[in-house]
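Chain by chain, the residues run as shown.
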Amino acid sequence: MTPQNPMNPMYRLDNAALDKNNPQKSRPTRRLPGNVPYVVDNLWEWVRPAPFPSRRHCVCASPKAELAQEFGGSSAGTVFQVTQIVGGKIAQIKQQDAKLHDEARTLHKTLLKLLDSNWLSNAPLAQKEAIAPLWMPCLSRDEVESLFIKIPRLAKIKKDLIAEIQFWNEAKIAPLNGPWPFDDGEIFFEAESWELQPYL
């Protein structure tokens, strides 16, 4: 498959001198979310439409170098331009970082509201323990789905909860041969490989 460069630049903050290891390869391990609550990240991945990159294995970037520096998660890294993408599946949200999405702050509250405060207060410990894995990091879509199938309390709220999750309805698929859908929004992608070129 022929490598492609984005029509418009894409930037990422990463470890210094990582470009010496080009091309970069996807990691088989699941990506631990560093800026979104685990339960929110699990619910987003659970309802992800197939054309979008998985939040378990995606790489995050920005359309502007200064945003990559600001939201890259570390002050010690180097800003790189992402190039030579092979087999890319790319999406973008309008927020500069997923942590700024409204659901990053509200979705866990929606879940608790649907579970019902009376049930949360009075349910036997065993029933609470059964839903506790939702708050663990890096669940797969199938793992979350199995909880909503096997646990009666989750099965009862499944339809209503799905209706509340708007993350993917607002995200856009971003073709490499076109402009970014949003001027400042976070980009995230899966790819077979890509290269990092120092920005400065």
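The coordinates are above.
Residues numbered from 1 in each chain as written. Predicted model: local features only at pLDDT ≥ 70, side-chain atom pairs only at ≥ 80, totals over all residues. Heavy atoms only, no water.

(A) Looking closely at the packing of helix α1 (residues 38-46) against helix α6 (residues 141-150). Interaxial distance between α1 and α6 falls to 8 Å at its minimum, and their mutual angle equals 95 degrees. Considered as vectors, α1 and α6 are oriented roughly perpendicular to each other. Of the residues in α6, those in contact with Asn-42, Leu-43, Glu-45 and Trp-46 of α1 are Arg-141, Val-144, Glu-145 and Phe-148. Here the contact of α1 with α6 is built from residues that sort into 4 nonpolar, 1 polar and 3 charged. (Axes fitted to C-alpha atoms, helices over the stretch in contact; angles between N-to-C directions. Helix = DSSP H or I, 4+ residues; strand = E, 2+ residues; numbered from the N terminus. Parallel < 35°, antiparallel > 145°, perpendicular 65-115°, else oblique. Contact = heavy atoms within 4.5 Å. Nonpolar A, V, L, I, M, F, W, Y, C, P; charged D, E, K, R; others polar.)

(B) Structural context of the packing of aromatic side chains. If you walk through the whole model with that rule in mind, you get 8 aromatic pairs. Centre to centre, the rings of Tyr-11 and Tyr-199 are 5.0 Å apart; their planes meet at 70 degrees, and the pair counts as edge-to-face. Pair noted here: Tyr-11 is in strand β1 (residues 11-14) and Tyr-199 is in the segment after β8 (193-198), with a separation of 188 residues, a long-range link. Owing to a relative accessible area of 10%, Tyr-11 belongs among the buried residues under this scheme. The class of Tyr-199 is partly exposed, set by a relative accessible area of 38%. (Phe/Tyr/Trp six-rings, centres within 6.5 Å; stacked < 30°, edge-to-face > 60°. Buried < 20%, exposed > 50% of the residue type's maximum accessible area, 1.4 Å probe, protein only.)

(C) Focus on the sheet that holds β8. Here 4 strands make up an open sheet; going across it, the order is β1-β4-β8-β2 and the pairing antiparallel. The two strands at the open ends of the sheet, each matched to only one other strand, are β1 and β2 (24-25). (Pairing = 2+ DSSP bridges.)

(D) Local environment of the environment of His-108. Mapping His-108 onto the fold places it in helix α3 (residues 102-115). A relative accessible area of 25% means that His-108 is categorised as partly exposed. Once the C-alpha coordinates of His-108 and Ile-90 are considered, the two residues, 18 residues apart in sequence, prove to be 26 Å apart. With residues near it in sequence (within four places) discarded, His-108 still touches Val-39 and Val-40. Looking at His-108, its side chain comes within polar contact range of the main-chain oxygen of Arg-105, at 3.5 Å. (Polar contact = N/O pair within 3.5 Å; in protein donor to acceptor, adjacent residues only side chain to side chain.)

(E) The arrangement of unusual backbone geometry in detail. Each neighbour pair has its own omega, and for Asn-22 with Pro-23 the value is -5 degrees, a cis peptide bond. One non-glycine residue, Ala-17, lies in positive phi territory at about 65 degrees. Topologically, Ala-17 is positioned in the loop between β1 and β2. Although it is not a glycine, Asp-116 adopts a positive phi angle of roughly 90 degrees. You can call Asp-116 partly exposed: its relative accessible area is 30%.

(F) Here's a closer look at the packing of α6 against helix α7 (residues 152-164). Contact geometry for α6 and α7: axes closest at 5 Å, N-to-C directions at 115 degrees. Taken together, the axis directions place α6 and α7 in an arrangement best described as roughly perpendicular. The segment α6 lies against α7, with Glu-145, Leu-147, Phe-148, Ile-149 and Lys-150 engaging Pro-152, Leu-154, Ala-155, Ile-157, Lys-158 and Leu-161. Across the contact of α6 with α7, the residue classes tally to 8 nonpolar, no polar and 3 charged.

(G) Broad picture of the pairing of strand β5 (residues 89-92). Where β5 meets strand β7 (residues 187-190), 4 bridges bridge the pair, whose relative direction is antiparallel. Across the sheet, the residue bridging to Lys-89 is Glu-190, located in β7.

(H) The arrangement of the sheet that holds strand β3 (residues 59-61) in detail. Reading across the sheet, the 4 strands line up as β3-β7-β5-β6 and stay open at both edges, with antiparallel pairing between neighbours. Both edges of this open sheet fall to β3 and β6 (172-173), since each of them pairs with a single strand only. For β3 and β7, the ladder comprises 3 bridges, and the chain directions are antiparallel. Each residue of the ladder has a partner; that of Ala-61, found in β7, is Ile-187.

(I) Molecular detail of the side chain of Arg-55. Secondary-structure assignment places Arg-55 in the loop between α1 and β3. Residue Arg-55 is classed as buried on the basis of its relative accessible area of 2%. When sequence neighbours within four positions are dropped, the list of residues in contact with Arg-55 reads Arg-31, Val-36, Asp-41, Trp-44, Glu-45, Arg-48, Ala-98, Phe-167 and Trp-168.

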